[in-house]
Each structure stands twice: as C-alpha cells, then as structure tokens.
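Residue-level listing of the chains:
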Amino acid sequence: MTMVIRLLYLSLLANFFLLRPTTCFVSPVTSCTAATTSGSSPLLPSQRWQITNMSSSSSSSQWNESPTSTSEEQTLAKSLSIWPLDTYNVNLLNEVRHKQYTNPNPPLPIYDLVVIGAGAGGLVSSRQAARRGAKSCMISAELAGGDCLNAGCVPSKALLRCAKLVREAKKIVVQDNEYGISVTNSGKTSDDDANQMNVSVDFPKIMERMRKLRAHIAPVDGHARGDSLGTQTFQGRGVFTSPSTIEVVEHGQQLGAESNPILHFRKAVIATGGRPFVPDNIPGLKEAPYTTNLSLFNLQQLPKRMVVLGAGVVALEMAQAFASFGSEVTVLQRSRLLSRGDEEAAEAIKQTLEKEGVKFLSGVSVNEVTTIKEATNNDDLPLMSVSLSCAEHTEPISLDCECLLLALGRTANVDSLGLESAGVDFHPSKGILVNDFSQSVSNPDVYAVGDCVSDVFRLTHMSGEMAKVVVQNALFKGQWRLSSLVVPAVMYTDPEYATVGRIHVDENDNVVSPIENNEEVDVYKAELQHNDRAILDSSDKTSFVKILCKKGTGTIVGCTIVSSRAGEMINEVSLAMKHDISLEGVGRNIHSYPTLGEAVMGCGIQFINSRWETMN
Ligand SMILES: Cc1cc2nc3c(=O)[nH]c(=O)nc-3n(C[C@H](O)[C@H](O)[C@H](O)COP(=O)(O)OP(=O)(O)OC[C@H]3O[C@@H](n4cnc5c(N)ncnc54)[C@H](O)[C@@H]3O)c2cc1C
C-alpha cells in the first residue's frame, strides 16, 4: 500500500514539473531546458493526440563540414547566412535547419494553433500551446531560433564578452597600472617584461568561440526539442490562402504546388520577425558588398576599417566590440546617438566609446557608396568608399572601409505572407496592426507577436512575452493585455544602457507606440561615482541611475540606467513598476553593501528624504 502511494506521489510530482505552464520566454534558448522530457517520461497532453503523427514527422540527413560538403550544401548554407561550414555551424544547422526534411504527412485535419515563424515568438507560442494540450505546429522558413540565436543576441553577446576581455587585458599590460598587476610570458611579474607586453587579438578564434557557443545553445531551439514538447514543425514558407488556412510552400516549390501541405487552423499566430532596413536612396549601396547583422557574424578576418551606418543599439554594441578588437571604427549618425533615448545617457556612452577610439560623425547624409574591390573569396574582405556630407566637415568627405555595417533599424517581415487573403491589416514596413490582446485588428482568429508587429519593442523577451499573452488569449479565452507589460530594454555596451517602459494603446485598445511619455515628471538621480562598489571596481565614472515619477508622487513611470550591469539593475525597477511598488518602497528595500544596485535604492532614499519630517 505504502509503495502504491509513493508511486502515485512520484507520478504526480513528475506531472507537476512536466505539465507546469512554461515560463520559457526570456530566452527560449535557456529557460526551456529546465523542463526537458526524457524518453520514459509521462506523455505531455499534446503527445496523447500526436503520437501517431510523430512517426512520420521528421526524417533528415546531416550537414557535412567543408571540404566534404557538396557545393549545393555550401550554397544553401551561404543563402541561410551561416558560414563557414565548420563543425560548429554544421551542429547548429543540424538542429535548426535540417538539410532534408519530411514535413508531417498528412498534417492534422485541423490545428488549434498554427504559428508562422520560428524565432523567439514562434517557438514560445507553438511550444507553450502544445504543453497546455493544444494541437499546435510551427512553420520555419529558414533557421529556427530566428534572429536572436543565429544573427542577433547570442552571437553579438559572445563577441562583446571577448571585447571586454581585450579592454581589461589592455588595462593590466600598461606599466604601473593602478591594479598592481603585470603579465609576463613566464607567468612571473617583472616590470621589464611587462613593458614589452602587448594584447593581441586572434579574431578568427574569437569568431570560432562565438560559433561554438551558439551551436551549444542551439538544441533548445531545434526541431527535436519541439518534437519532444509535442508540437509539429514544418519546414517551408507559410502563406495564408484564406482567413483559416495556411499553405506551407516547401523548399524548392512554388505557391500552389500540389505537394505543399495545407494547414487548417482555429487560431493562427504570425511570428515572422523582421529584417535589416536597407535604404534604397543611396547610389551604389544596393550593389555594394555591405554587411548587416545577417552576414557580420560570418566574418573570418578583422576589417581594418569599419564604417557603421546608424547609431542605435546594434550599431553601438558592434562599434565598441570591433574597436576593441582593433578595427578603426567610424559611426555615422543622422541626429544623435540613441535618438529616442535619454540624451545624458547617450552622451555618457559616446564619451566612453570615443575614449576607446570610436569616431562619430553627426548630421551625416551619405551621398554614394563605391565598391573599389569585391572580396575574391569567402574569407577575403572587400573594399568600399563611402562619400558623405556631415556637420563636422564643410566639404563632402570619403571614408574607405573593408566593412560597411548597416544598422539602421528593422523592417517587419509582412511581404508574401498572403495577409490580404487572410484579411489581416498591416503597415508595409512597421508590421501587423494588433489590438491590446495582440490580436489582428481585422481578423480575430489571427494573432501576431514579436518583431513583425507594429509599434512594439523589438526584443527577444518581448516576443516571448507576447507569445504567452497570445496562447492565453487565443486558446483559453484570456484577456491578457499588452498594455499591462512593463518591458525592460538593454544595450550591452560597456557601460550598459538600460531603460524600462510600457506599451501604449489608443482609445480603441489598438497598440499605438512603445514609449510616448508626455506626462509631467519628477526626476530622481543617483550618480555611480558616489557608489562604493563602482569606486572599488574603478568603473562607472560617468554612470547614473535616473528614475522618473509621476509629478508629486512616488509612482514610477520610467527609468534609465547607465552602468556596468545596468541590465541586471533595471529588473528591480521593472518589478516595482509591474507591481505598483512606489519609489518609497524601492528606497526602503534593503540592498546588500557594496553593490551597484544601491544606486537604485539611492533614488528611493532621495524621494524619502524629500518628504522627511524635520525638527524646526
Ligand atoms: C545584432 C542584434 C542583436 C540583438 N540583441 C538583442 C539582445 O541582446 N536582447 C534582445 O532582447 N533582443 C536583441 N535583438 C533583437 C532580437 O533578436 C529580436 O527582437 C528577436 O529575435 C525577435 O524575435 P521574433 O521571433 O519576433 O523574430 P525573429 O527572430 O526574426 O524570427 C522570425 C522567424 O520567422 C521566420 N519567417 C519569416 N517569414 C516566414 C514565413 N513566411 N514562413 C515561415 N517562417 C517565416 C524567419 O525565418 C525567422 O526564423 C538583437 C537583434 C540584433 C539584430
């Protein structure tokens, strides 16, 4: 009897962990891992219906490394912007884009949820739906994991780690540095040897490390993981053919081909993300071998000169990284850095980057891009000349560079999706128009999440959070609102720049813009130069925390932090905003000493002090 109760208890426990609603959204590449199912685990609700379909769902063959890979494989890998075809990229592709793949055949007669797109938004919505018992599937046109895994957050942060190490190393090879540390070849300290030390950068190795770590993370976004969670994956391009059907245009096929699967849905989610914006009014640009985030992480040689067009988050993160590696970097900005962000923060970050050798030109208008030399092979770099007018020079100037990085923002992927057939309204560059429930304003059975949506923050955790909202609203009659989300955003330069804000809706509950805060506010500011931890770390001389409250109250409406670890510090303010904790509450929350987070508390203490009773 006791044994029976024990088994019952263990089975309940196992079910609790397996069936708990996923919180896997911050990064589908990390937090999903906690709920991995094993072969002998009890079935997920979705697997009860799906098990018969699974056997026919996927068959694949493995990618081959160069030089054994075929020319077709190499062409395909390049067209997917994954290069070189080394062991790490082969491992990545084997997870997120099977070379040959048999789509589930036949598809289910009808799906509760069909998701188009396999980035953060698509992965979380299809998997969470499956884990909650829905018949769901996801259509992946290119690489599962989307921008974040393959050409965004993951590779960029891997490079930033190495860049920071280079800067730290440079600090200790300087003679008489303040840390009292020097490095010699023998491992012993000696001033004479230290004088001769240099920090050298092995760029191919840095890129190899990035590829290795990206491949390490990839399985969580891979097709096999989706299978194990009970959602089906289709490889191909999803196109609406009516308000309730989607055709999967299989690779190498045309729309309408007889063999293309047709998926019938009760609800659909568009999660097609975005692509880099490329202006069409700069002569010579379209023909030039420019770089975007899609090709940047395939570089095999460090460019001697890099010109960055744009001065937003991607531009500044990569400008700092490549300058640290030794490239001569020039950032071309039309107005100012982080044009919609805090001016003081932008200035502090600009000063830091300038000290590290990044050059900034402002008021720039690019007149022409000339290709001087194309790259002769994949490992080679091209040469271009960028002719421009700017505020700093009366005459037009030209900048030669081996890498011209376009980082001018994103265009939503809404083309060729058959949105007209589905009756889904959209803006051609901003994206799908949704209401406060993340639902299409024109077709109530269609929802949209992530970078393909108009007027939302374009961030991985935003895509994931929207996916949770959609699963609840579409499948469980939920009323979760985007306007209730408090969304932190971080630029991972050093120092980091973090902000937090809300989604805004109009009087008809339609999403209108990310942060338009015209309310009158009180500003509380704490400078990190007075923070003991920052002093002991010798960092953060220009850093600060700035918390904005509704005028005359402690209600927090926004925050800007410039500091190392700002990305960690901002989470406290997001929590306070989400749960209506006032600035007084933040000030009364005890913070460990010495921590950078004390600066957040410092703003709260200012608020408390401004209302102190005093003795006359
Ligand atoms: C360099 C860089 C660094 C970044 N760093 C960060 C960071 O540190 N933190 C952060 O939060 N955000 C970061 N971002 C932003 C983040 O990458 C995106 O917000 C996130 O990837 C958006 O996820 P998504 O699912 O909406 O779209 P995506 O990741 O773009 O995924 C969309 C998917 O849909 C597929 N697709 C498109 N059309 C179709 C179709 N018709 N049929 C089937 N599939 C289709 C695409 O192939 C793609 O796989 C960064 C972005 C860049 C460019």
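Residues numbered from 1 in each chain as written. Predicted model: local features only at pLDDT ≥ 70, side-chain atom pairs only at ≥ 80, totals over all residues. Heavy atoms only, no water.

Chemist: Looking at this structure, how should I read the packing of aromatic side chains?
Modeler: To describe a pair of aromatic rings, one takes the distance between the centres and the angle between the planes. Following the criterion strictly, the structure yields six aromatic pairs and no others. Pairing Phe 240 with Phe 265 gives two aromatic rings, centres 6.0 Å apart and planes at 80°, and the pair type is edge-to-face. Placement of Phe 240 in strand S4 (residues 237–242) and of Phe 265 in strand S6 (residues 262–270) is noted, with a sequence separation of 25 residues between them. Looking at Phe 240, the relative accessible area reads 1%, which means it is buried. Look at Phe 265 and you get buried, because its relative accessible area is 4%. Among the aromatic residues, ring-to-ring pairing joins Phe 203, Phe 322 and Phe 325 into one connected group. Geometry around Trp 83 places Lys 78 over its ring, the cationic atom sitting 4.6 Å from the centre. Above the face of the Phe 544 ring, Lys 525 is positioned so that its terminal group lies 5.0 Å from the ring centre. (Phe/Tyr/Trp six-rings, centres within 6.5 Å; stacked < 30°, edge-to-face > 60°. Helix = DSSP H or I, 4+ residues; strand = E, 2+ residues; numbered from the N terminus. Buried < 20%, exposed > 50% of the residue type's maximum accessible area, 1.4 Å probe, protein only. Lys NZ or Arg CZ within 6 Å of the ring centre and 35° of its normal.)

Chemist: Would you explain the nonpolar core in this entry?
Modeler: The nonpolar side chains of a soluble globular protein tend to be buried, and buried together. Counting 49 residues, the largest nonpolar core has Phe 240, Ile 270, Ile 432 and Met 462 as the members making the most contacts within it. Residue assignment for this core shows that the elements contributing at least two residues are strand S1 (111–116), strand S2 (136–140), strand S5 (245–249), S6, helix H14 (419–422), strand S18 (446–448), helix H15 (460–475) and strand S19 (486–491). Considering each element in turn, this core owes the most residues, six residues, to H15. With residues up to four places along the chain from it excluded, the contact list for Met 462 reads Val 456, Phe 457, Leu 485, Val 487 and Ile 503. Listed in part, the 44 residues of the second largest apolar core include Leu 159, Val 308, Ala 346 and Ala 348. (Core = buried A, V, L, I, M, F, W, Y, C linked by side-chain atoms within 4.5 Å. Contact = heavy atoms within 4.5 Å.)

Chemist: Help me out: how do you make sense of the side chain of Ser 156 in this one?
Modeler: With respect to the helices, strands and loops of the structure, Ser 156 is situated in helix H7 (residues 153–173). For Ser 156, a relative accessible area of 5% corresponds to the buried category. Apart from the residues within four sequence positions on either side, Ser 156 is in contact with Phe 297, Glu 317 and Met 318.

Chemist: Got a minute to help me understand the site of the ligand in this structure?
Modeler: If you check the shell around the ligand, you find 37 residues, and the closest are Gly 121, Asp 147, Lys 157, Gly 238 and Asp 451. Notes on the ligand: free accessible area 1000 Å², of which the protein chains cover 91%. Elements with a contribution of two residues or more to the shell around the ligand: helix H5 (120–131), helix H6 (146–151), H7, S4 and H15. Ranked by residue count, the leading element in the shell around the ligand is H6, at four residues. Residue classes in the shell around the ligand are distributed as 14 nonpolar, 16 polar and seven charged. (Near = heavy atom within 4 Å. Areas by Shrake-Rupley, 256 points an atom, 1.4 Å probe, with all protein chains shown as cover. Nonpolar A, V, L, I, M, F, W, Y, C, P; charged D, E, K, R; others polar.)

Chemist: Before we go on, may I ask you to explain the UniProt feature "binding site: FAD" (unreviewed entry) in the protein chain in this structure?
Modeler: The positions UniProt marks with the feature "binding site: FAD" (unreviewed entry) are Lys 157, Gly 238 and Asp 451. Summarising the element assignment, Lys 157 is placed in helix H7. A relative accessible area of 28% means that Lys 157 is categorised as partly exposed. If we ignore the near neighbours within four places in the chain, the residues touching Lys 157 are Glu 317 and Tyr 492. Examined against the element boundaries, Asp 451 turns out to sit in the loop between S18 and H15. Given the relative accessible area of 15%, Asp 451 is considered buried. Apart from the residues within four sequence positions on either side, Asp 451 is in contact with Gly 273, Gly 274, Arg 410, Ala 412, Arg 458, Leu 459 and Ser 463. (UniProt positions renumbered as here; feature names shortened; annotations may be inferred.)

Chemist: Where do I start with the sheet that holds strand S12 (residues 383–390) in this structure?
Modeler: Strand pairing in a sheet is mediated by backbone hydrogen bonds. Such pairs are either parallel or antiparallel. The antiparallel open sheet is built from three strands, whose spatial order is S11-S12-S13. At either end of the open sheet lies a strand with only one pairing partner, and these are strand S11 (365–373) and strand S13 (393–401). Here the average twist between neighbouring strands, direction ignored, is 15°. (Pairing = 2+ DSSP bridges. Axes fitted to C-alpha atoms, helices over the stretch in contact; angles between N-to-C directions.)

Chemist: It is not clear to me how helix H12 (residues 313–325) should be interpreted in this structure. Could you clarify?
Modeler: The periodicity of an α-helix, 3.6 residues per turn, causes residues three or four positions apart to be oriented the same way. With 13 residues, H12 ought to run about 18 Å at 1.5 Å a step, and its terminal C-alpha atoms sit 19 Å apart, in line with that. Counted residue by residue, H12 has 11 buried out of 13 residues, so it is predominantly covered. When H12 is considered as a whole, its buried residues turn out to be Ala 315, Leu 316, Glu 317, Met 318, Ala 319, Gln 320, Ala 321, Phe 322, Ala 323, Ser 324 and Phe 325. (Expected span 1.5 Å × (residues − 1).)

Chemist: Looking at this model, I keep getting lost on the environment of Ala 566. Mind explaining?
Modeler: Take Ala 566: it is sitting in helix H17 (residues 566–578). When the C-alpha atoms of Ala 566 and Met 491 are compared, they prove to be 8.9 Å apart, with 75 residues separating the residues in sequence. If we ignore the near neighbours within four places in the chain, the residues touching Ala 566 are Glu 496, Tyr 497, Ala 498 and Ile 561.

Chemist: Just checking my understanding: could you explain the packing of H7 against helix H9 (residues 203–217) for this structure?
Modeler: The geometry of a pair of packed helices is captured by two quantities: the angle between their axes and the separation between those axes. Remark: H7 packs on H9, axes separated minimally by 9 Å, with the N-to-C direction vectors making an angle of 135°. Here H7 is positioned oblique relative to H9, judged by the angle of their axes. As for the relative orientation of H7 and H9, their crossing is right-handed in sense. Residue-level inspection shows Val 154, Pro 155, Ala 158, Leu 159, Arg 161 and Cys 162 of H7 in contact with H9, the latter providing Ile 206, Met 207, Arg 209, Met 210, Arg 214 and Ile 217. Per-class residue counts for the contact of H7 with H9 are nine nonpolar, no polar and three charged. (Parallel < 35°, antiparallel > 145°, perpendicular 65-115°, else oblique. Left-handed = near helix turned anticlockwise from the far one by under 90°.)

Chemist: Is there a simple way to think about the sheet that holds strand S10 (residues 359–361) in this case?
Modeler: With parallel pairing, four strands are arranged side by side in an open sheet as S10-S9-S8-S14. With partners counted over all chains shown, the strands left at the sheet margins are S10 and strand S14 (403–406), one partner each. Taken over all neighbouring pairs, the strand axes of this sheet differ in orientation by 20° on average, direction set aside. For strand S8 (residues 305–309) and S14, the ladder comprises four bridges, and the chain directions are parallel. The residue bridging Val 307 from the neighbouring strand is Leu 404, located in S14. Along the sheet, H12 contacts S8, strand S9 (328–332), S10 and S14; its crossing angle with S9, the most-contacted strand, is approximately 165°.

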